[in-house]
Amino acid sequence: MTDPVQGPELMEPPPGAWPGDEIARLYAEHSRAIFYLALRFLGDPQRAEDATHDVFLKAFRKIDQFRGESSPRTWLYRIAINHCQNLLQSWHQRHVVANSDDAIWDHAPARTDSPLRVLETKELGQRIQKTLDQLSPEYRLLLLLVADEQLSYDQIAVLVGQSTDAVRGKLHRARKTFAALFEQTA
Amino acid sequence: MKQESNFSSDEQHRHDGAQETHQQAAREFATAEELLRFDAAQTVVPPPIAERLKQSAAQLAPPPRRTWWKNLFGR
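All values reported here derive from a predicted model rather than from experimental measurement.

**Student:** Give a description of the overall build of chain B that names residues and reports values.
**Tutor:** Counting its regular elements, chain B contains 4 helices and 1 strand. Listing the helices and strands of chain B from first to last along the sequence gives α-β-α-α-α. Scored against the burial criterion, the 75 residues of chain B give a buried share of 17%.

Okay, structure coming up:
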């Protein structure tokens, strides 16, 4: 699988070239975050492209329903999470997927307080994807959301429909599991 | 009988050379999210998405506008 990384920076189209200025602004500001979530959550660049297109098209269709009660990014994330989870669910119905048992890694002697050391960044994307693929979708999603510095724990809690305390607890275990699995990809 | 050493100076030189360490720049990430943040910053959104989206959006009717009083008082 090729990672769409380290290529030329996308030149964002000017807002006037789009049918709606709102969607152009949303796309310019948030497309990287939404594409990255889709890419690493789904683990497939082509499906991530399709998902990103569909998410922004849905946002465009529903833009009149956006009342500003949440930030535009949170609103887009909600659409993206629903879309990606539906995709995963439909794939899982068609394919038997061997779920990794995170409980195994929860008890692994992983050092969550020790740094993740990387010697070679060239294939880092593949290592990250391999690690994320072994996590449960819930842990994967939490880690991807907390990686976005624009999101607070409270916003993440709302997005995943859990309490902030529950999110903090699960993130602790998700980090530990990620660290243990990431070490094995070296 | 004393055995002569076959370890020549040339071989000694090669041996020393093999022990040279490669200088590799290690990068450390304190947490998983820091690593993911770095990965996200390296990720480029494929340009075809924007093109497809423009075409798809052009086929849609313009989204209905909520009037100011609907925004204030609801429906």
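**Student:** Got a sec to walk through the domain arrangement of chain A? Specific residues and values, please.
**Tutor:** Residues and elements named next belong to chain A. Its domain assignment divides chain A into domain 1 (11–97) and domain 2 (100–186). Opposite the 11 residues of domain 1 that make contact, domain 2 presents 11 residues. Listed by contribution, the elements that provide at least two residues to the side of domain 1 that touches domain 2 are α1 (21–42) and α3 (72–94). When its residues are assigned to classes, the side of domain 1 that touches domain 2 shows 6 nonpolar, 2 polar and 3 charged.

**Student:** Lay out the packing of α1(A) against helix α6 (residues 137–146) of chain A with the relevant residues and their values.
**Tutor:** Residue and element names in this part refer to chain A. Running from amino to carboxyl end, α1 crosses α6 at an angle of 155 degrees, the nearest separation of the two axes being 10 Å. If you check the angle between α1 and α6, you find them roughly antiparallel. Helix-helix and strand crossings are classified by hand; for α1 and α6 the assignment is right-handed. Residues Leu37, Arg40 and Phe41 of α1 lie in contact with α6, whose contacting residues are Arg140, Leu141 and Leu144. Here the contact of α1 with α6 is composed, by residue class, of 4 nonpolar, no polar and 2 charged.

**Student:** Give a description of the environment of Arg40(A) that names residues and reports values.
**Tutor:** All names here are of chain A. Examined against the element boundaries, Arg40 turns out to sit in helix α1. Sequence separation between Arg40 and Leu144 is 104 residues, and the spatial gap between their C-alpha atoms is 7.8 Å. Those residues in contact with Arg40 that sit more than four places away from it in its chain are Gln129, Leu132 and Leu144.

**Student:** Explain the packing of helix α2 (residues 45–61) of chain A against helix α3 (residues 47–58) of chain B residue by residue, including any values.
**Tutor:** Viewed as axis vectors pointing N to C, α2(A) and α3(B) meet at an angle of 35 degrees, and their least axial separation amounts to 10 Å. As α2(A) packs across α3(B), the resulting crossing turns out to be right-handed. Judged by residue contacts, Glu49(A), Thr52(A), His53(A), Phe56(A), Leu57(A) and Phe60(A) of α2(A) engage Pro48(B), Ile49(B), Arg52(B), Leu53(B), Ser56(B) and Ala57(B) from α3(B).

**Student:** Tell me about the nonpolar core, and please be specific about residues and values.
**Tutor:** A general trend in soluble globular proteins is that nonpolar side chains are found buried together. All names here are of chain A. Within the largest apolar cluster, 58 residues are counted, with the highest numbers of intra-cluster contacts made by Ala38, Ala80, Leu142 and Leu143. Considering every element that reaches this core, the biggest residue donor is α1, with 13 residues. Residues lining this core come from more than one domain, with at least three contributed by each of domain 1 (11–97) and domain 2 (100–186). With sequence-adjacent residues up to four places away left out, Leu142 is seen in contact with Ile156, Val160, Val167, Lys170, Leu171 and Ala174.

What counts and how
Residues numbered from 1 in each chain as written. Chains lettered and ligands numbered in written order. Predicted model: local features only at pLDDT ≥ 70, side-chain atom pairs only at ≥ 80, totals over all residues. Helix = DSSP H or I, 4+ residues; strand = E, 2+ residues; numbered from the N terminus. Buried ≥ 20, exposed ≤ 12 C-beta atoms within 10 Å, placed from the backbone. Domains from an automatic or database assignment. Contact = placed C-beta atoms within 7 Å. Nonpolar A, V, L, I, M, F, W, Y, C, P; charged D, E, K, R; others polar. Axes fitted to C-alpha atoms, helices over the stretch in contact; angles between N-to-C directions. Parallel < 35°, antiparallel > 145°, perpendicular 65-115°, else oblique. Left-handed = near helix turned anticlockwise from the far one by under 90°. Core = buried A, V, L, I, M, F, W, Y, C linked by C-beta atoms within 7 Å.

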